[in-house]
Amino acid sequence: MAEQLLLAGLYALKGYIALHVLTCLVPAFLLAGAIVSFVSREAIIGYLGSAARKIKSFGIAAGGSFFVAACSCTVIPVASGIYYGGAGIGAAFILLWVAPAANILALVYTGTILGSQMVVARLISALIMSFVVGSVMAYAFRKEEKNRILTIQAGSKQLMSKRDLLLLLLLVGWLLAPNYIITHGPYWQKVVVWAIGLVVVASYTWKTIDRARIKTWLKETWWFVRIIFPLLLGGVFIVGIIGAVLPQQWIETWLGGAGLRQSFLATMIGAVTYFATMTEAPFVDTLIGLGMGKGPALALLLTGPGLSLPNWLAIARVFGIKKALVYVPTIVILGTLVGWVAGFILD
């Protein structure tokens, strides 16, 4: 039995490494490092103060969060830094939610594993939930916000240079191209598209970015690789074992279909369990293969990386127990409702 479980985990790991590391993870990690290196944090934070219009600050927070690749625990220092730096509580908690629940790395990887329908559903759901979360937090703690610094001055430094913006666009194109240009056919065709993108990105970088900044970029990229990649491998290995252990009848009974019970159970599984960013997609794919409904699958895709028990405790420690007691139930309720509604649409 132990040998069979070990082989199941290794088989899942083999497929993951063979099909996703080169064409998906390599450009994804370089993109994450480039965002940290080339985008001005001061300029972003300047637009997120409590005095800013909610629609503007919430929109910027949600949009910027798509480019922050972080798990439910890693994102807390980022969100708390923005919050204590002067950003409003609504914008800070939008970042706290969207960055792990629907960052661009996770979205692209979801598309690779689960298809475009689930990507669109995950993106729309995360956006809707983010504005609700931001509004709830801003309203619940409106008196406290008045006693904080209402706004911070936007830095004079521009968000990013045109050269850096073009580099980020090239990286996004390189990340998306192999999996969206080649949707069918042998894997080597994706590798060819990936190689062409590599030549384009490397040529542009060598001609336009100075060597010191390239070194900083690669250093930031390595940080993401070192922190995330081992967790990805471990997560995929465990997913393979779980897929071999879970009885199909249990999944069909408790997580199949599109009811509130199924959606709530999937949400609670995601809200308690820790998922490193992108490990939720292969886990959900395994459960769908065993009979899980698409609505509960979406709820787990969102809350799996977005919440975890360590995340609850860290939020209570950093932001205060009251904020944790408002934020966590809000996400659980929203995740349940989104999964329930999406189940009828997607199925």
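Residues numbered from 1 in each chain as written. Predicted model: local features only at pLDDT ≥ 70, side-chain atom pairs only at ≥ 80, totals over all residues. Heavy atoms only, no water.

Caption draft 1: How the structure looks around the overall build of the chain. When helices and strands are counted, the chain shows 17 helices and zero strands. For a compact globule of 347 residues, the expected C-alpha radius of gyration is about 20 Å, and the chain comes in at 20 Å, within 12% of that figure. For the chain, the spread of C-alpha atoms along the principal axes amounts to about 60 × 50 × 35 Å. When the 347 residues of the chain are sorted by exposure, 50% land in the buried category. (Helix = DSSP H or I, 4+ residues; strand = E, 2+ residues; numbered from the N terminus. Rg over C-alpha atoms; globule rule 2.2 N^0.38 Å. Buried < 20%, exposed > 50% of the residue type's maximum accessible area, 1.4 Å probe, protein only.)

Caption draft 2: Quick look at the packing of helix H6 (residues 104-114) against helix H14 (residues 280-289). Where H6 meets H14, the closest approach of the two axes is 9 Å, and the angle between their N-to-C directions is 30°. One way to sum up the angle between H6 and H14 is to call them roughly parallel. The element H6 and its partner H14 pack so that their crossing is right-handed. Of the residues in H14, those in contact with Ala106, Tyr109, Thr110, Ile113 and Leu114 of H6 are Glu280, Ala281, Pro282, Val284, Asp285 and Ile288. (Axes fitted to C-alpha atoms, helices over the stretch in contact; angles between N-to-C directions. Parallel < 35°, antiparallel > 145°, perpendicular 65-115°, else oblique. Left-handed = near helix turned anticlockwise from the far one by under 90°. Contact = heavy atoms within 4.5 Å.)

Caption draft 3: Fine view of the pattern of salt bridges. Following the criterion strictly, the structure yields three salt bridges and no others. Here Glu280 makes a salt bridge to Arg122, at a shortest N to O gap of 2.9 Å. A residue pair is termed long-range when its members are at least 10 positions apart, and Glu280 in helix H14 and Arg122 in helix H7 (residues 116-140) qualify at 158 residues. Arg122 matches Glu280 in its accessibility class, with the two residues each being buried. In this structure, the salt-bridge partner of Arg213 is Asp164, at a minimum N-O distance of 2.7 Å. (Salt bridge = Lys/Arg side-chain N within 4 Å of Asp/Glu carboxyl O.)

Caption draft 4: A look at the nonpolar core. Grouped together as the largest cluster of nonpolar side chains are 64 residues, with contacts concentrated most on Phe93, Leu96, Trp97, Met292, Leu300, Ile315 and Tyr327. The leading source of residues in this core is helix H5 (residues 89-102), at twelve residues. Among the nonpolar cores identified, the runner-up in size contains 36 residues, and Leu13, Tyr109, Met160 and Tyr204 belong to it. (Core = buried A, V, L, I, M, F, W, Y, C linked by side-chain atoms within 4.5 Å.)

Caption draft 5: Main features of the environment of Gly173. Note that Gly173 resides in helix H9 (residues 162-181). Through-space distance from the C-alpha of Gly173 to that of Pro27 is 9.4 Å; in sequence the pair is 146 residues apart.

Caption draft 6: Main features of H5. If you check H5, its first and last C-alpha atoms are 20 Å apart, about what 14 residues at 1.5 Å a residue would give, namely 20 Å. Most of H5 is tucked away: 14 of the 14 residues are buried. (Expected span 1.5 Å × (residues − 1).)

Caption draft 7: Fine view of a nonpolar patch on the surface. A contiguous nonpolar surface patch, about 700 Å² in accessible area, is contributed by Leu260, Ile333, Leu337, Trp340, Val341, Phe344 and Ile345. Tracing the chain through its elements places Ile345 in helix H17 (residues 321-346). (Patch = residues over 30% accessible without salt bridge, like charges linked within 9 Å, V, L, I, M, F, W, Y side chains within 5 Å. Areas by Shrake-Rupley, 256 points an atom, 1.4 Å probe, with all protein chains shown as cover.)

Caption draft 8: Broad picture of the packing of H7 against helix H15 (residues 294-306). Between H7 and H15, the shortest axis-to-axis distance is 10 Å and the interhelical angle comes to 55°. As far as their axial angle goes, H15 and H7 are oblique. The way H7 lies across H15 gives a crossing that is right-handed. Contacts between H7 and H15 pair Gln117, Met118, Ala121, Arg122, Ser125, Ala126 and Met129 from the former with Lys294, Ala297, Leu298, Leu301, Leu302 and Pro305 from the latter. Considered class by class, the residues forming the contact of H7 with H15 number nine nonpolar, two polar and two charged. (Nonpolar A, V, L, I, M, F, W, Y, C, P; charged D, E, K, R; others polar.)

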